[in-house]
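Architecture and fold: a report
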Amino acid sequence: MKSLGRHILVEFHGCSSEILNDVPCIESSMVGAAKEAGATIISSVFHHFSPFGVSGVVVIQESHLAIHTWPEYRYAAVDLFTCGDSVNPWTSYKILKQAFEAEHGSAVEINRGQLDLLEKASIELGELRNEATQQLVVPKYSRSVWFTDRNENMALSIRHKGDCLFREKSPYQTVEVFDTFQYGKLLAVDKMVMCSEKDEKAYHEMIVHVPMVIEPDVKNVLVIGGGDGGSIREILRHDQVESVTMVEIDEAVVRASKEFLPSLSSAFDHPKLTLIIDDGIKYVKESADDSFDMIVIDSSDPVGPAEGLFSKDFYRDVYRCLRPGGVMTAQSESPHFNQKAFVELNHCLKEIFNPDSVFCYLAFIPTYPTGMWSFTYCTKGGKHPVADLDRQRSQQIAQAFDLEYYNTDIHGAAFCLPTFIQTMLGD
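These remarks concern the structure in this document. Residue indices begin from 1 for each chain and proceed along its sequence in written order. Restriction of local features to residues with pLDDT of at least 70 applies here, the model being predicted, together with a cutoff of 80 or more for giving and counting side-chain atom pairs; totals for whole chains, interfaces and linings are based on all residues. Side-chain figures throughout are based on the complete set of non-hydrogen atoms in the structure, without hydrogens or water.

Quick word on the sheet that holds strand β3 (residues 54-60)
- Two strands are said to pair when DSSP picks up at least two bridges between them. Secondary structure is summarised from DSSP: a helix means a run of H or I of at least four residues, a strand means a run of E of at least two, and numbering begins at the N terminus for each. The mixed open sheet is built from 11 strands, whose spatial order is β6-β1-β5-β4-β3-β2-β7-β8-β9-β10-β11. Sheet topology places β6 (104-114) and β11 (192-196) at the edges, where each strand pairs with a single neighbour. Each strand of the sheet is rotated relative to its neighbour by a mean of 25 degrees, with strand direction disregarded.
- Alignment of strand β2 (residues 41-48) against β3, held across seven bridges, turns out to be antiparallel. Of the residues in β3, the one forming a bridge with His48 is Val54.
- In the packing of helix α2 (residues 23-36) onto the sheet, contacts are made with β2, β3, β4 (63-70), β7 (142-150), β8 (155-169) and β9 (174-180), and the angle to β2 comes to roughly 155 degrees.
- In this fold helix α7 (residues 251-260) packs onto β8, β9 and β10 (184-189), with an angle of close to 105 degrees to the strand it touches most, β8. Orientation is described by axes fitted as lines to C-alpha atoms, over the contacting stretch for helices, and by angles from 0 to 180 degrees between their N-to-C directions. Residues count as neighbours in contact if any of their non-hydrogen atoms are within 4.5 Å of one another.

Some thoughts on a nonpolar patch on the surface
- A surface patch of nonpolar side chains, about 400 Å² in accessible area, is lined by Leu4, Leu115, Leu117 and Leu118.
- Turning to its location among the elements, Leu4 is positioned in strand β1 (residues 3-13).
- Categorising residues by exposure relies on relative accessible area from a 1.4 Å probe, with only protein chains included: less than 20% of the type maximum marks a residue as buried, more than 50% marks it as exposed, and the intermediate range marks it as partly exposed. Overall, Leu4 belongs to the partly exposed group, its relative accessible area being 49%. Patches draw on residues past 30% relative accessible area with no salt bridge. Two like charges within 9 Å are joined, as are two nonpolar side chains (Val, Leu, Ile, Met, Phe, Trp, Tyr) within 5 Å. Here the Shrake-Rupley method, with its probe set to 1.4 Å, supplies the accessible areas, and only the displayed protein chains count as covering residues. Any Lys or Arg side-chain nitrogen located within 4 Å of an Asp or Glu carboxyl oxygen qualifies as a salt bridge.

A few points about the packing of aromatic side chains
- Working definition: a ring pair exists when centres of Phe, Tyr or Trp rings (six-membered ring for Trp) sit within 6.5 Å. Plane angles under 30 degrees give stacked, over 60 give edge-to-face, the rest tilted. Evaluation of the coordinates by the stated rule reveals 15 aromatic pairs.
- Consider the rings of Phe12 and Phe100, whose centres lie 5.9 Å apart with planes at 80 degrees: the pair is edge-to-face. With Phe12 in strand β1 and Phe100 in the loop between α3 (89-99) and β6, the pair connects residues that are 88 residues apart, well separated along the chain. With respect to burial, Phe12 and Phe100 carry one shared label: buried.
- With 5.1 Å between their ring centres and 80 degrees between their planes, Tyr319 and Phe353 make a pair best called edge-to-face. Residue Tyr319 is located in helix α9 (residues 312-320), and its partner Phe353 is located in helix α10 (residues 339-353); the two are separated by 34 residues in the primary sequence.
- Taking the relative accessible area as the measure of exposure, Phe353 reaches 2% and is therefore buried.
- One aromatic cluster is present, built from ring pairs that chain together Tyr203, Phe359, Tyr361, Tyr368, Trp373, Phe375, Tyr377 and Phe415.
- Sitting over the face of the ring of Phe181, Lys161 holds its NZ or CZ atom 5.9 Å from the ring centroid.
- Look at NZ for Lys and CZ for Arg. If either is within 6 Å of the ring centre and within 35 degrees of the ring normal, a charge sits over the ring. Its end group placed over the ring of Tyr183, Lys198 keeps NZ or CZ at 5.8 Å from the ring centre.

See the structure below:
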């Protein structure tokens, strides 16, 4: 050994773009490459960047393996640095080239700390050295792998346990399930958080029980989206409901939830439920007038297959197939994170339902970017969501269902909007 360390600067070209944008896959490949080279792994930290790219490092007892990827160019830059002669970095190089499906790889090796240029200092540690040697233990490997939901200006990162429990690229979107440290299992669609086990009840209780407390005679319900199952679970707690029709475009979302999110998906086998895997926009367009007492639009963000769920044509059909006196609720985005969609949807609904029948309300969901999320309550000549609140009925439902977020005071308070939101909506 003529140097203290071997440093290989690597470039991989023509890689799989999908792999280079996949945090768990890259982390697993880098860790595996370090192990195969004979390294002792101490920790790993990996992040995803918007809209493409992954950065990360595997810290080894013998130094590190680092990476940054550019999926849009099918390119990855990798740093392999090993000290001593017990680890062969070229083994890692070969493994990573194969793992990333690179068409071409190039590398330059640099000897770091050439011994003939160094003079070793004499350091006497005495008893401290002996004591430290006796206590020396192999460090415990820790993983720090992060899922990030972001736009071009802000992001929310959640640490998970490293492996993707479910991943499927359906005809519509990429569906994933991660096991997070703070929020339990998390469902993501196209790198956006849909729900987590720990805080999903804030979303599902508020989108469902707010209208159902106000309208006690709801019997026939339509749910558009909601493939995780949380909304139908809450709806079917109400005994007066006779039928629920749920139209979810992506069967992969339902399957992922059934397998990994049983606390959300418990109502999929309920006899009152009719599950239809189809386009919700098409289904509403073909539905008869005055078909439903309540419609819940439990959509993802307005991109991909959910984009049409934020259009005037869709909500005109929703209005048409809602019975007189009926109620609709929709998730209507974050006033902070997606202000444009939030405002445009509110104005769209006011045009269709008329301004006096459209009411924005809020809930706070930690795993959604900014934490503040909005819903919109609309009626077809029905009741006011606050003035017509039966507090006794509200309390009974909250207690009987053992709800975690919704209660009578929250019901009223949710419609009290901060001044900046009132200004934003022109109220």
